[in-house]
Amino acid sequence: MADITAAMVKDLREKSGAGMMDCKKALNETAGDMDAALDWLRTKGLAAAQKKSSRTAAEGLVGVATNGTVGAAVEVNSETDFVAKNDQFQAFVKDVTDIALKTSDDIEALKGEAMPQGGTVAEVLTNNVATIGENQSLRRAKRLEVSKGAVVSYVHNQQAPGLGKIGVLVALESDASDDVLQKLGKDLAMHVAAAFPKALNEEDLDEAEIERERAIATEKAAESGKPADIIAKMVEGGIAKYRKEHALVSQLFVMDGKTKISDVVAKAAKDAGASIVLKDYVRFQLGEGIEKEASDFAAEVAAASGVPQKA
């Protein structure tokens, strides 16, 4: 039997996209012949991941999980919404979310964590690509923690418990009772899902984005023909409004349309007789920021069959 080294296994994995254990088995089955091992993986359907990796994955699921003062959100993408209903895919997202809750939200570190059924997150993901038949990716993760209080979650368009299209976490630092924090946290999380704040506080907003808004506002104001000092006031007024509308604490609560979020938190604290601080939040919306390529299904089938297209 050929001496199969770790370097050989790594090389085959990079060439095939298959899992480490599958690569090791393929090399053992082919006495260490790299080309034969690659062919062996292809015949078993285990070398599909690499070919599929170039396809856009903008569907999938967002997973959220909490445990008292800790919460985690994870987004795992697939090519089609159909896969989001697959039990194997849902179990993977749930497991990875639970792992992030206990460990880290660093994606590379997360990929190296052990899965409950064996193998690492990265290895199981690669195997899922081969067995489910679609490109999939662990896109992002975020973990929140407070020293006291609660991290509360909410899932919009839920596909299964803790899994859906939009996942939200709200971190509340407080000595108030858990019942109070859970209710407040759920209300705030639902607001975040609906209102899509871009930052917790006005000073946390992206300054580059603010400058883009300023440029747009300046151009619009200039069309009014008003004096320069009036235009300047119009622009700054517009920027102030933008900041209020996009910072969570200054947004108007969607449930009544008139109370600022900071006042909602303050009232809850007063009623509870304890300080409540909204420390942070996370909002993951599935596929957010991913550009999906428009496709012509008929053309794709024709191209795959080798049939020339009519001009």
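Residues numbered from 1 in each chain as written. Predicted model: local features only at pLDDT ≥ 70, side-chain atom pairs only at ≥ 80, totals over all residues. Heavy atoms only, no water.

Chemist: Is there a simple way to think about the environment of valine 76 in this case?
Modeler: In this fold, valine 76 is placed in strand E2 (residues 70-78). Of the residues examined, valine 76 reaches a relative accessible area of 0% and is grouped as buried. (Helix = DSSP H or I, 4+ residues; strand = E, 2+ residues; numbered from the N terminus. Buried < 20%, exposed > 50% of the residue type's maximum accessible area, 1.4 Å probe, protein only.)

Chemist: What exactly am I supposed to notice about the packing of helix H1 (residues 6-16) against helix H2 (residues 20-29) here?
Modeler: To describe two helices that pack against each other, one gives the angle between their axes and the distance between the axes. Running from amino to carboxyl end, H1 crosses H2 at an angle of 110°, the nearest separation of the two axes being 9 Å. Considering the angle they form, H1 stands roughly perpendicular to H2. The element H1 and its partner H2 pack so that their crossing is right-handed. Here H1 contributes Met8, Val9, Leu12, Arg13 and Ser16 to the contact with H2, which in turn contributes Met20, Cys23, Lys24, Ala26 and Leu27. When grouped by side-chain class, the residues that make up the contact of H1 with H2 number seven nonpolar, one polar and two charged. (Axes fitted to C-alpha atoms, helices over the stretch in contact; angles between N-to-C directions. Parallel < 35°, antiparallel > 145°, perpendicular 65-115°, else oblique. Left-handed = near helix turned anticlockwise from the far one by under 90°. Contact = heavy atoms within 4.5 Å. Nonpolar A, V, L, I, M, F, W, Y, C, P; charged D, E, K, R; others polar.)

Chemist: Explain unusual backbone geometry here, please?
Modeler: Negative phi is the rule for most residues except glycine; trans is the rule for most peptide bonds. Of note, the phi angle at alanine 31 is positive, near 55°, even though the residue is not glycine. Structurally, alanine 31 can be placed in the loop between H2 and helix H3 (34-43). The backbone of asparagine 157 sits at a positive phi, close to 55°, despite the residue not being glycine. Along the chain, asparagine 157 falls in the loop between strand E4 (149-156) and strand E5 (163-164). For asparagine 157, a relative accessible area of 46% puts it in the partly exposed group.

Chemist: Explanation requested: H1 in the structure shown.
Modeler: Because the α-helix completes a turn every 3.6 residues, residues three or four places apart line up on one side. Listing the buried residues of H1 in full gives Val9, Leu12 and Ser16. When H1 is viewed along its axis, its buried side chains cluster within an angular range of 65° and face the same direction. Away from its buried face by more than 90 degrees, H1 exposes Ala6 and Ala7. Backbone geometry just downstream of H1 places glycine 17 in the positive-phi region, at approximately 80°. (Arc of directions from axis to C-beta.)

Chemist: Just checking my understanding: could you explain the packing of helix H9 (residues 178-195) against helix H12 (residues 261-272) for this structure?
Modeler: Running from amino to carboxyl end, H9 crosses H12 at an angle of 170°, the nearest separation of the two axes being 11 Å. One element, H9, and the other, H12, form an angle in the roughly antiparallel class. Contact residues: H9 offers Val180, Leu184, Leu188 and His191, while H12 offers Ile261, Val264, Val265, Ala268 and Ala272. Among the residues making up the contact of H9 with H12, the classes are represented as eight nonpolar, one polar and no charged.

Chemist: Could you clarify how one ought to interpret the confidence of the model for the chain in this entry?
Modeler: It should be kept in mind that the predicted coordinates are not to be read in detail where pLDDT is low. Summary statistics for the chain give a mean pLDDT of 87 and a share of 88% for residues scoring 70 or more. Per-element mean pLDDT across the chain ranges from 44 in helix H13 (residues 297-305) up to 98 in H12. Here residues 49-54 scores under 50 on pLDDT; set against residues more than four positions off or in separate chains, the count is 14 contacts. Note on residues 294-311: pLDDT under 50 across the span, and four contacts to partners over four residues away in sequence or across chains. (pLDDT = per-residue confidence, 0-100.)

Chemist: What exactly am I supposed to notice about the environment of glutamine 159 here?
Modeler: Position of glutamine 159 among the secondary structure elements: in the loop between E4 and E5. On the basis of relative accessibility, which here comes to 31%, the residue glutamine 159 falls in the partly exposed class. Separated by 69 residues in sequence, glutamine 159 and glutamine 90 have C-alpha atoms that sit 8.9 Å apart. Ignoring anything within four residues of it in the chain, the contact list for glutamine 159 reads Leu61, Lys85, Gln90, Gly164 and Lys165.

Chemist: Which parts of the structure should I look at to understand the pattern of salt bridges?
Modeler: Side chains that differ in sign of charge can pair as their charged atoms come close. The tally for this structure, following the rule as stated, stands at 17 salt bridges. We note a salt bridge from arginine 139 to glutamate 75, for which the minimum N-O separation is 3.2 Å. Taken together, the positions of arginine 139 in strand E3 (residues 136-145) and glutamate 75 in strand E2 put the pair 64 residues apart, joining distant regions of the chain. Owing to a relative accessible area of 30%, arginine 139 belongs among the partly exposed residues under this scheme. Between glutamate 209 and lysine 198 there is a salt bridge, and its shortest N-O distance comes to 2.5 Å. Separated by eleven residues along the polypeptide, glutamate 209 in helix H10 (residues 207-222) and lysine 198 in the loop between H9 and H10 bring together distant segments of the chain. In this structure lysine 198 comes out as partly exposed when scored by relative accessible area, which is 43%. A network of salt bridges, in which partner residues are shared, links Glu75, Arg139, Arg140 and Glu288. (Salt bridge = Lys/Arg side-chain N within 4 Å of Asp/Glu carboxyl O.)

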